[in-house]
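Breakdown of the fold
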Amino acid sequence: MSAPLRVAVDRDACCGSGNCVRTAPEVFDQDDADGLVVLRQAEPPESEYDAVREAAYNCPAAAIEVTEP
Amino acid sequence: MSDTLATNVPTYPFGNAGLEPLLPDLGADGVGRVQLPTGQQAWLFTRHEHLRELLRSADFSSDFTRPGFPLIRPIPEDMPRRPDGSLIRMDPPEHTKFRRMLTPEFMIKHIRTLEPLIRQTVVVALESMRAGGQPADLVEHFALPVPSMVICHLLGVPYADHDYFQERSRILLAWSSPPEQVRDAIEEMRDYLTRLIAARRDEPGEDLISRLAAERVATGEMTEEELVGLSVLLLIAGHETTSNMIGLSTLVLLKHPEQLRQLRERPELIDDTVEELLRYLTIVRTGLTRVAVTDTEVGGHRIAAGEGVIALLSAANRDADVFPDGEEFDLHRGSHQHMAFGFGIHQCIGQPLARAELRIALSEMITRLPGLALAVAPDDVRYRDAVVFGVQRLPVTW
Ligand code: HEM
Ligand code: SF4
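Everything quoted here is computed from the prediction, not taken from an experiment.

Moving on: the site of ligand 1. All names here are of chain B. Every one of the 27 residues lining ligand 1 counts as a neighbour, but H95, R99, R290, H346 and C348 are closest to it. Interatomic distance of 2.7 Å between a side-chain N/O atom of H95 and an oxygen atom of ligand 1. With respect to ligand 1, the side chain of R99 contributes an N or O atom lying 2.7 Å from an oxygen atom. For the shell around ligand 1, the elements supplying multiple residues, two or more each, are α2 (94-106), α9 (224-255) and β5 (288-292). Per element, the largest residue contribution to the shell around ligand 1 is seven residues, and it comes from α9. Looking at the shell around ligand 1 residue by residue, the class counts come to 18 nonpolar, seven polar and two charged.

Right, let's talk about the interface of chain A and chain B for a bit. At the interface, 26 residues of chain A touch 19 residues of chain B. Summed over both partners, the interface of chain A with chain B comes to about 1800 Å²; 47% of that surface belongs to carbon and sulfur atoms. Among the residues chain A hides against chain B, the three largest losses belong to R22, Y57 and P60 of chain A. Together they make up 31% of the total. The tally of links from chain A across to chain B stands at three salt bridges. E275 of chain B is paired through a salt bridge with R22 of chain A; the nearest N and O atoms lie 3.8 Å apart. Our enumeration of links across chain A and chain B arrives at 13 residue pairs in polar contact (both at pLDDT 80 or more). For the side of chain A that touches chain B, the secondary-structure elements that each account for two or more residues are α1 (19-23), β2 (28-30) and α2 (49-58) of chain A. In terms of residues, the side of chain A that touches chain B owes the most to one element, α2 of chain A, which gives four residues. Classifying every residue of the side of chain A that touches chain B by side-chain character gives 11 nonpolar, seven polar and eight charged.

What the protein offers the iron atom of ligand 1 as a donor is a single atom, C348 of chain B (SG), at 2.3 Å. In this structure, C348 of chain B sits in the loop between α12 (313-316) and α13 (351-368).

Quick look at α2 of chain B now. With 13 residues, α2 of chain B extends 19 Å from end C-alpha to end C-alpha; this agrees with the ideal 18 Å at 1.5 Å per step. Buried within α2 of chain B we find H95, F98, R99, M101, L102, T103, P104, E105 and F106 of chain B. Where the residues of α2 of chain B are buried, they touch β2 of chain A together with α3 (108-131), α5 (145-155), α8 (208-217), α9 and α13 of chain B.

Let us now look at the site of ligand 2. Looking at ligand 2, the residues that line it are C14, C15, G16, S17, G18, N19, C20, V37, C59, P60 and I64 of chain A. Residues that form the shell around ligand 2 fall into these classes: seven nonpolar, four polar and no charged.

Time to look at the pairing of β5 of chain B. Side-chain positions along a regular strand alternate between the two faces of the sheet. Residues and elements named next belong to chain B. A large share of β5 lies buried, amounting to five of its five residues. Burial along β5 is two-sided: L288, R290 and A292 facing one way and T289 and V291 facing the other are all buried. Both strand β3 (residues 60-61) and β5 contribute to a ladder of two bridges, which runs antiparallel. When the sheet's bridge partners are listed, S61 is paired in β5 with V291. As judged from the four bridges shared by β5 and strand β8 (residues 308-311), these two strands associate in the antiparallel manner.

Reading the values: rules and limits
- Residues numbered from 1 in each chain as written.
- Chains lettered and ligands numbered in written order.
- Predicted model: local features only at pLDDT ≥ 70, side-chain atom pairs only at ≥ 80, totals over all residues.
- Heavy atoms only, no water.
- Near = heavy atom within 4 Å.
- Polar contact = N/O pair within 3.5 Å; in protein donor to acceptor, adjacent residues only side chain to side chain.
- Helix = DSSP H or I, 4+ residues; strand = E, 2+ residues; numbered from the N terminus.
- Nonpolar A, V, L, I, M, F, W, Y, C, P; charged D, E, K, R; others polar.
- Contact = heavy atoms within 4.5 Å.
- Buried area = accessible area lost by both parts, 1.4 Å probe.
- Salt bridge = Lys/Arg side-chain N within 4 Å of Asp/Glu carboxyl O.
- Donors = N, O, S within 2.8 Å, 3.2 Å for Na, K, Ca; no water.
- Expected span 1.5 Å × (residues − 1).
- Buried < 20%, exposed > 50% of the residue type's maximum accessible area, 1.4 Å probe, protein only.
- Pairing = 2+ DSSP bridges.

This is how it looks when you write it as C-alpha cells:
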C-alpha cells in the first residue's frame, strides 16, 4: 500500500487570504479569531488530491506544504 | 548595482487606451527596465512565474518611505510620507499585526452573512435605475453606488457623504491630478475620517470602525492615526475597485453575446465568469511596486538592494504559458491562477467581499435586465485614466 498524501500548514506564514478554503473547503478552514488557516484533515482522501495541490500552488504566502505519496 | 541609467527605456505607466493592456516589447523572458515619471528607473517583470517568485519573496518591501522605492507619480516636497496604518504599504512584522486584526472581518464565512444585504443593495439600485428611465449611465446608477453602499455599511461611514469621499478618491487615483491636489485630497480624507472615528468612539455602532476604535485603539494596539490611515485605505479600496469591475464586466459581457447567452441559460457559470473577468480585466493594471531590501534574484536577474521593481499583473494574467490565448475572454477557462488580487502576503484582503459583490451584482443585472444593451458604440466608450482601470460612463438601455 502506498503512503497517503500529507498536508501541512504554516500558520505563522499564512496571511489569511482564504484561497485554500475556496479551493478545498473539506481540507482547510479559517480560524474565527484571527482568520488564519486551520487544517481540517492532514491526510485527505484521494478525491481531494487535485484540490489540495491547487490550493498549495495558489497560496499567496507559500504556507501550505504537500508531501506526495 | 545598475546606478547607470539605461538609455532608450520605455516610459511607465503605459496608459489605458482600451481593453487590451499596452505593453512594450520586452523580448522572450519578459523582463525589462522602465523610466518612471519621477526620474527613477525600475525593473519590470511580466511573466507569471517571475511574479510568483517576486511577490512571495521577503527580499522586497512595500514601504514607500524606503530609499529607492519606485514612485510612479511625483510627491510634493511637503507631503508627510507616512505609511501609518495603511496596510498595503507596510512590511512584517507591523503588516502581520494589522492584517490579522482585519482578516476575520473579511473572510469568506463572515462575508457570507453579508450576502442578503449585498443582494438587497443590488436589487434596490437596479430597480431605481429602471424606474429612472433609459438610457441611463450604469456607472452612476449601479456600478458605483452598490460597492460604496456596502463598504459604507461595513465601515460605518454615512453613505450620505458619498459625494465628498468619491470626489476625493477620484482625484487620488487619476494620473492627471497635480501632486498638490493629491496631497490635499489625502489630507481631506484623513480629516473626514478623523472626525468620524471620534464620533464612533463616543457613540459606537455595529461597524468595523467602531469595533477597531473600541477593541484596538482603546487597548493601545493601534494608534488613532493608524486607524485613520487604515480607514482611508479600506474606504478607497472598498469601492473604487469593485465599482470599476462591475462597469467593465458589463461592457465585456455585452461584447460577447454568445457567452452572455450561455451565462443566462446556466446561472451556475457565474463563479467561473467572475474569475475570468478578474483575469481578463486585471484592473490594477499599473501593477505592484516594491523595492529590494537586499541583493537578490528574480528569474535569474540580479537585483541590487535599493532597486525598484514593478510586477505587472495585467501581463502575468495574459502569460501564454499559463493562459493560452490569454487575450481572449473565455468564461470556460477556469482561471484559478490569476493574479488580479495580487500575490504574496499583501494579496487582497477584500477578495471575498469583491467576489460576492461581483457575483450578486452581475447575476441580478443580467436576470432583471434581459434586454440590456449598450446605448453607445463600443468604440465610443471612454476609459478612466487612473491607477485603477475602469470606464468613465457606460450608457445602457434594457
Ligand atoms: C475586484 C476588486 C478588487 C481588486 C481587483 C483588488 C486588488 C488588490 C490587489 C492587487 C492588492 C495587492 C496590493 C499589493 O500587493 O501591493 C489588494 C490589496 C488590498 N485590497 Fe483589494 N482589490 C479589490 C477589492 C477590494 C475590496 C472590496 C476591499 C475592501 C475592503 C479591498 C481592500 C484591500 C486591502 C486592505 C488591501 C491591502 C492588503 C495588504 O496589504 O495586506 N480590495 N487589492
Ligand atoms: S491560501 Fe495560504 S495564505 Fe491563504 S488562508 Fe490558505 S494557507 Fe493562509
